[in-house]
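Listed below are the residues making up each chain.
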Amino acid sequence: MIGTLFDVLAGDALAAAATAVFDALLWMIGIAATIGKSNLFAMNHVLLYSGIYFLFVTVLAGLTGQILLALALLFLALQVLTAAIAGYKANAKLHWTSGLLAIIDGALFLILGAVVSLGIPPPLGVIPP
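Note that this is a predicted model, so its numbers are computed, not measured.

Calculation rules
Residues numbered from 1 in each chain as written. Predicted model: local features only at pLDDT ≥ 70, side-chain atom pairs only at ≥ 80, totals over all residues. Heavy atoms only, no water. Axes fitted to C-alpha atoms, helices over the stretch in contact; angles between N-to-C directions. Helix = DSSP H or I, 4+ residues; strand = E, 2+ residues; numbered from the N terminus. Parallel < 35°, antiparallel > 145°, perpendicular 65-115°, else oblique. Left-handed = near helix turned anticlockwise from the far one by under 90°. Nonpolar A, V, L, I, M, F, W, Y, C, P; charged D, E, K, R; others polar. Core = buried A, V, L, I, M, F, W, Y, C linked by side-chain atoms within 4.5 Å. Buried < 20%, exposed > 50% of the residue type's maximum accessible area, 1.4 Å probe, protein only. Lys, Arg positive; Asp, Glu negative; His and termini not counted. Salt bridge = Lys/Arg side-chain N within 4 Å of Asp/Glu carboxyl O. Contact = heavy atoms within 4.5 Å. Patch = residues over 30% accessible without salt bridge, like charges linked within 9 Å, V, L, I, M, F, W, Y side chains within 5 Å. Areas by Shrake-Rupley, 256 points an atom, 1.4 Å probe, with all protein chains shown as cover.

Asks: Lay out the packing of helix α3 (residues 39–63) against helix α4 (residues 67–89) in plain terms, naming residues and giving numbers.
Replies: For the pair α3 and α4, the least separation of the axes is 8 Å and the interaxial angle reads 160 degrees. Taken together, the axes of α3 and α4 lie roughly antiparallel to each other. The two elements α3 and α4 cross, and the hand of that crossing is left-handed. Per-class residue counts for the contact of α3 with α4 are 19 nonpolar, 7 polar and no charged.

Asks: Talk me through the nonpolar core; I want residue IDs and the actual numbers.
Replies: Leu47, Tyr53, Phe54, Ala61, Leu69, Leu73 and Leu76 are the most contacted members of the largest nonpolar core, which totals 17 residues. Elements represented by at least two residues in this core include exactly α2 (13–35), α3 and α4.

Asks: Account for the side chain of aspartate 105, naming residues and giving values.
Replies: Relative to the helices and strands, aspartate 105 resides in helix α5 (residues 92–118). Of the side chains with opposite charge, lysine 93 comes closest to the buried, unpaired aspartate 105, at an N-O distance of 23 Å. Apart from residues lying up to four places away in sequence, aspartate 105 is in contact with Ala72, Phe75 and Leu76.

Asks: I'd love a proper account of the packing of α4 against α5, names of residues and values included.
Replies: For the pair α4 and α5, the least separation of the axes is 8 Å and the interaxial angle reads 160 degrees. In terms of orientation, α4 and α5 fall into the roughly antiparallel class. Seen along the crossing, α4 lies across α5 with a hand that is left-handed. Of the residues that constitute the contact of α4 with α5, the class distribution is 19 nonpolar, 6 polar and 1 charged.

Asks: Lay out the side chain of asparagine 44 in plain terms, naming residues and giving numbers.
Replies: Relative to the helices and strands, asparagine 44 is located in helix α3. Residue asparagine 44 is classed as buried on the basis of its relative accessible area, which comes to 5%. With near-sequence residues (within four places) excluded, asparagine 44 lies in contact with Ala83, Ala84, Gly87 and Tyr88.

Asks: So what about a nonpolar patch on the surface? Which residues, and what values?
Replies: On the surface, Leu55, Leu71, Leu74 and Leu78 cluster together into a nonpolar patch covering about 270 Å² of accessible area. Of the residues forming the nonpolar patch, the biggest block, 3 residues, is contributed by α4. Leucine 55 gets classed as partly exposed once you look at its relative accessible area, which sits at 33%.

Right, dumping it as structure tokens:
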């Protein structure tokens, strides 16, 4: 968590998101191991934690003028939060919605990745870190 906070304070939204993934894995393993629940139970908690965190990173990206990145991160946060709620409620319709959001988000990150790797001017005037 401390590493994630340092990344956020440095204004590096993508590094903060990557660090959060490692935090999430440790939380998932720790929750399952310490309370004796299943990995599915732990995964739902990690999805909820990650979704809330990605909302924070979305705001950070938006405040730094990275509109395309913020849009992709917003869909990521919504997808992860929907997946967490679907897991808690065992709701097939929410699982389907989460999957649709994941497909849309995958397309957004594909566009973002192509823009960055090809060196073309990013859409919406966005320059990712």
